[in-house]
Amino acid sequence: MRILPLSSDSMGARSMATLVETKDLRIMIDPGVALGPSRYGLPPHPKEWERMEAHWREIVRQAHKADLLIVTHYHYDHHNPWEGLEIYEGKRVLVKDPKRNINQSQRGRASFFLKQIEGIANVEIADGRSFREGDTIIEFSEPVFHGTNSKLGYVIEVFIREGEDSFLFTSDVEGPSLDDQARFVLEKKPKVVMVDGPMTYMLGYRYSRASLDASIRNLSSILDAVETLVIDHHLLRDLEWSKRIESVLNKGREVKKKVITSNELVDKPLEMLEAKRKELYELYPVDESEMREWKFED
């Protein structure tokens, strides 16, 4: 099994786009990428735009060669309903249920997206289901909260197994701070898990200290069950991310298990462009004519 992150916050853009290759299938999970519309009161820097566009080109290139595409929820950093729709043509597409366990915003986005690929893709609802192709088994969790409650909707987690190899993708659990979000990981005990870490860049505003403490406990439990913990996405929008999960990093060293970010999985440098947006504007001043607005939230 080969696990290839194509875009992530540790690689310079908002995304968890990941390609998983087994001898039976090339599986693309969440083919989308986005930018933070405002950070430190600043719009995305041109270097962030360049990175996002480069990542999108690579996502499209790899998705064209995929056999199966998965959309775990309908935020725009996890799917793109406007561009590159040809990647879905003739493909089997497994999606989060667009009508059940979904908030109003994602319900509308799901409807629009599915109309866009209607007639060109073979779409199936994935929530709580299992699929098999040869020796490759794909299992989906029941929907869990995107974060600590239903305000941002729900996501589905993805488990892929091929023989002795296994990988689990939590999608946007923002922690996980809830036992319900961690349960699927602890049940499946994958060799490698990719987790959307706690949303600490909004600590004290939209993310509480209690949620962070719960996330630390659950991440520690997950570390007992896996060989490699890949942690990224919301957590990597915080320049102090490693301090926030210091006890998890320390435990990884003690028990000789890997705790890494997505960029390390593909041997690329850590480039937290959104978290360093203020610094980017200081190092590379921008004329107003060069500034573009990213108008969509995730």
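The shown structure was predicted, so the numbers you read here are calculated from the model rather than taken from an experiment.

Parameters and conventions
- Residues numbered from 1 in each chain as written.
- Predicted model: local features only at pLDDT ≥ 70, side-chain atom pairs only at ≥ 80, totals over all residues.
- Heavy atoms only, no water.
- Phe/Tyr/Trp six-rings, centres within 6.5 Å; stacked < 30°, edge-to-face > 60°.
- Helix = DSSP H or I, 4+ residues; strand = E, 2+ residues; numbered from the N terminus.
- Pairing = 2+ DSSP bridges.
- Axes fitted to C-alpha atoms, helices over the stretch in contact; angles between N-to-C directions.
- Contact = heavy atoms within 4.5 Å.
- Buried < 20%, exposed > 50% of the residue type's maximum accessible area, 1.4 Å probe, protein only.
- Right-handed = clockwise from strand over helix to strand, strands pointing away.
- Parallel < 35°, antiparallel > 145°, perpendicular 65-115°, else oblique.
- Left-handed = near helix turned anticlockwise from the far one by under 90°.

S.K.: Quick one: what's the story with the packing of aromatic side chains, residue by residue and with numbers?
M.R.: Tallied over the full model, the rule gives nine aromatic pairs. A ring pair is formed by Y76 and W82, whose centres lie 4.7 Å apart and whose planes are at 50°; its orientation type is tilted. Between W82 and F296 the ring centres are 4.7 Å apart and the planes differ by 25°, which places this aromatic pair in the stacked class. Highlighted residues: W82 in the loop between β4 (68–71) and β5 (92–95) and F296 in the segment after α8 (277–283), separated in sequence by 214 residues.

S.K.: Let's hear about the sheet that holds strand β15 (residues 258–260): which residues, and what values?
M.R.: A sheet is described by the order of its strands in space; here seven strands give the open sequence β7-β8-β11-β12-β13-β14-β15, paired in mixed fashion. The open sheet has two free edges, formed respectively by β7 (130–133) and β15, since each of these has just one partner strand. The sheet shows a mean angle of 15° between the axes of neighbouring strands, taken without regard to direction. Bridge count between strand β8 (residues 136–140) and strand β11 (residues 158–162): five bridges; the pairing is antiparallel. Counterpart to I137 in the pairing with β11 is R161. With respect to the sheet, helix α4 (residues 209–225) is in contact with β13 (192–196), β14 (228–232) and β15, its orientation differing from that of β14 by roughly 145°.

S.K.: Tell me about the pairing of β14, and name the residues and values.
M.R.: Buried residues dominate β14, accounting for five of its five residues. Residues of β14 alternate between two faces, with T228, V230 and D232 on one and L229 and I231 on the opposite face, all of them buried. Bridge count for β13 against β14 is five bridges, and the pairing is parallel. Within β14, the residue paired with V195 across the bridge is I231. Each parallel crossover has a hand, and the one from β13 via α4 to β14 is right-handed. When β14 meets β15, the two strands line up parallel, connected through three bridges. For L229, the partnering residue across the bridge sits in β15 and is V259.

S.K.: Pulling in residues and values, what's your account of the packing of α4 against helix α6 (residues 246–254)?
M.R.: Across the interface, α4 lies against α6 with an axial gap of 9 Å and an inter-helix angle of 15°. In terms of orientation, α4 lies roughly parallel with respect to α6. Crossing hand, α4 versus α6: right-handed. Facing α4, whose interface residues are I216, L219, S220, L223 and D224, α6 presents S247, V248, K251 and G252.

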